[in-house]
Amino acid sequence: MSAAETGTDLEMTSILDEERVVATATGPALPSRPGGAGGTAARLGTRIGLPVAVAGVIIGVWYLISDVVLNQYQRFMLPPPHRVLEVGFFTWSNFTALVSALGTTAEVTFSGLAISIAAGVGTALLMSQAKWVENALYPWAVVLQTVPILALTPFLSFFFGFSLTSRVIVAVIIAFFPIVSNTLFGLQSADPGMHDLFTLHKVGRWTRLWKLQFPAALPAMFAGFRVSAGLAVIGAIVGEFFFKQGQPGLGTNMSVYTSLTEGEQLWASVLTASGLGIAVFVFFGWLSRRVVGRWYQPERR
């Protein structure tokens, strides 16, 4: 065997050894995630088809209870879905009243949620800067969350009357705590190694807060916003139940329809309030993806 052939054999042996090392290190090739049009269709089918299927089951159970379980004297409590649509949404006078009430409830909801976000984030920022501030304020935030709203209605009506302001305060009280707790958790969950790095470079308190803690807290903050969005709708409805003067909202109409046993209008108001809560929740989910999605992606299953 010539020297050239021996060199070629050694070179091929070296290349094969390197390929074996790479294959051993990387392991077997993993199947790629479905992509293209097929993968998109599958994801849409999962995200849209499954909720639609559950909605079909709920409507079927609704019809079963209304038409089979309840007799004609009890059916006003749960009228069939087509009657809710016909009377509550497709009757013009009822529809205009529903839209007007929705506008009032949305005003209370957005006002209460905006105040809750500003106050909740500000309170959490204060508590994150000193342990004694957290020890002083956090128990009162818990108390505010657990106190029965009914016990506060005489106080609120005495100082703020029975109209819009009292309703907004109720929405703020109900929506406040999740924002505080989630924001504080996020601010305190920044990487300890990054804290050490900031300390090593003698970074000031406010720079540390703005450059490290606040970005780390954004995912938890938006989770709190989504929870409080639904709670703000509940707070607006509860406030309208208690404070009925002024422009009627969905909660006011629910109270009236309950007393008049008008089930179709009552369930139309309930569905409209649920739609408002879902819309606000979806908006904050979209905003969360726009704000934090560039550097934070939750693990996909």
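Residues numbered from 1 in each chain as written. Predicted model: local features only at pLDDT ≥ 70, side-chain atom pairs only at ≥ 80, totals over all residues. Heavy atoms only, no water.

Re the overall build of the protein
We count it as follows: Runs of H or I in DSSP of at least four residues are treated as helices and runs of E of at least two as strands, each being numbered from the N terminus. Three labels apply to residues, based on accessible area from a 1.4 Å probe with only protein chains included: buried if under 20% of the type maximum, exposed if over 50%, partly exposed otherwise in between. Note on definitions: a residue-residue contact is assigned when non-hydrogen atoms from the two residues lie within 4.5 Å. Using a 1.4 Å probe, the Shrake-Rupley method yields the accessible areas, and only the shown protein chains count as cover for residues.
When helices and strands are tallied, the protein shows 11 helices and zero strands. In sequence order, the protein lays out its α and β elements as α-α-α-α-α-α-α-α-α-α-α. Counting every position in the protein, which comprises 301 residues, the buried fraction comes to 35%. The long-range share in the protein, meaning contacts at least 24 apart out of those at least 6 apart in sequence, stands at 73%. Entry remark: accessible area of the protein is about 18,400 Å², with carbon and sulfur atoms responsible for 69%.

Remarks on the confidence of the model for the protein
Short version of the rule: Values of pLDDT, the confidence the predictor places in each residue, fall between 0 and 100.
Residue-level pLDDT values for the protein average 81, and 84% of them are 70 or greater. Here helix 1 (residues 3–26) stands out as the least confident element of the protein, with mean pLDDT 43; helix 4 (residues 92–129) is the most confident, with 93. Of the regions scoring below 50 in pLDDT, residues 1–32 engages in two contacts with residues more than four places distant in sequence or in other chains.

Some details on helix 10 (residues 250–259)
With seven of 10 residues buried, helix 10 is to be regarded as a mostly interior element. Summarising the contacts, the buried residues of helix 10 are in contact with helix 4, helix 7 (164–188), helix 9 (205–242) and helix 11 (263–292). Backbone geometry just after helix 10 places Thr 261 at a positive phi near 50 degrees.

Structural notes on the environment of Ser 269
The topology assignment puts Ser 269 in helix 11. Note on Ser 269: relative accessible area 0%, which makes it buried. Through-space distance from the C-alpha of Ser 269 to that of Val 84 is 9.7 Å; in sequence the pair is 185 residues apart. Apart from residues lying up to four places away in sequence, Ser 269 is in contact with Leu 98, Leu 250, Asn 253, Met 254 and Tyr 257.

Some thoughts on the nonpolar core
One broad rule of soluble globular proteins: the nonpolar side chains tend to lie buried together. For clarity, the threshold we go by: Only buried Ala, Val, Leu, Ile, Met, Phe, Trp, Tyr and Cys residues count toward a nonpolar core, and they belong to the same one when joined by side-chain atoms within 4.5 Å.
With 40 residues, the main nonpolar core has Leu 113, Ile 117, Phe 225, Leu 250 and Phe 284 as its most contacted residues. Only helix 4, helix 5 (131–146), helix 7, helix 9, helix 10 and helix 11 provide two or more residues apiece to this core. No other element matches helix 9, which puts 10 residues into this core. Sequence-distant contacts of Phe 225, that is, excluding residues within four places in its chain, are made with Ile 117, Val 121, Ile 179 and Phe 284. In terms of nonpolar packing, the next biggest core, distinct from the first, is built from six residues, Leu 156, Ile 173, Ile 174 and Phe 243 among them.

A closer look at unusual backbone geometry
One non-glycine residue, Thr 261, adopts positive backbone phi at about 50 degrees. For Thr 261, a relative accessible area of 45% gives the class partly exposed.

Side note on a nonpolar patch on the surface
Let me state the cut-off plainly: Patch membership requires more than 30% relative accessible area and the absence of a salt bridge. Residues of like charge join within 9 Å; the nonpolar side chains Val, Leu, Ile, Met, Phe, Trp and Tyr join within 5 Å. Salt bridge, as applied in this entry: a Lys or Arg side-chain nitrogen positioned within 4 Å of an Asp or Glu carboxyl oxygen.
Among the surface-exposed residues, Val 57, Val 61, Leu 64, Ile 65, Val 68 and Val 69 lie close enough to one another that they form a single nonpolar patch of about 520 Å² accessible area. Looking at where Val 68 falls in the secondary structure, it is placed in helix 2 (residues 36–69). Exposure remark for Val 68: the relative accessible area of 59% places this residue in the exposed category.

Quick look at the packing of helix 3 (residues 81–89) against helix 11
Stated formally: Here the axes come from fitting lines to C-alpha atoms, over the contacting stretch only for helices, and the angles between their N-to-C directions go from 0 to 180 degrees. Angles are sorted into four bins: roughly parallel if under 35 degrees, roughly antiparallel if over 145, roughly perpendicular if 65 to 115, and oblique for all others. Note on residue categories: nonpolar means Ala, Val, Leu, Ile, Met, Phe, Trp, Tyr, Cys or Pro, charged means Asp, Glu, Lys or Arg, and polar means any other residue, Gly included.
Two elements in contact, helix 3 and helix 11, have axes separated by 8 Å at closest approach and are oriented at 90 degrees. When the axis of helix 3 is compared with that of helix 11, the two are roughly perpendicular. Contacts from Arg 83, Val 84, Val 87, Gly 88 and Phe 89 of helix 3 reach helix 11 at Glu 264, Gln 265, Trp 267, Ala 268, Leu 271 and Thr 272. Classifying every residue of the contact of helix 3 with helix 11 by side-chain character gives six nonpolar, three polar and two charged.

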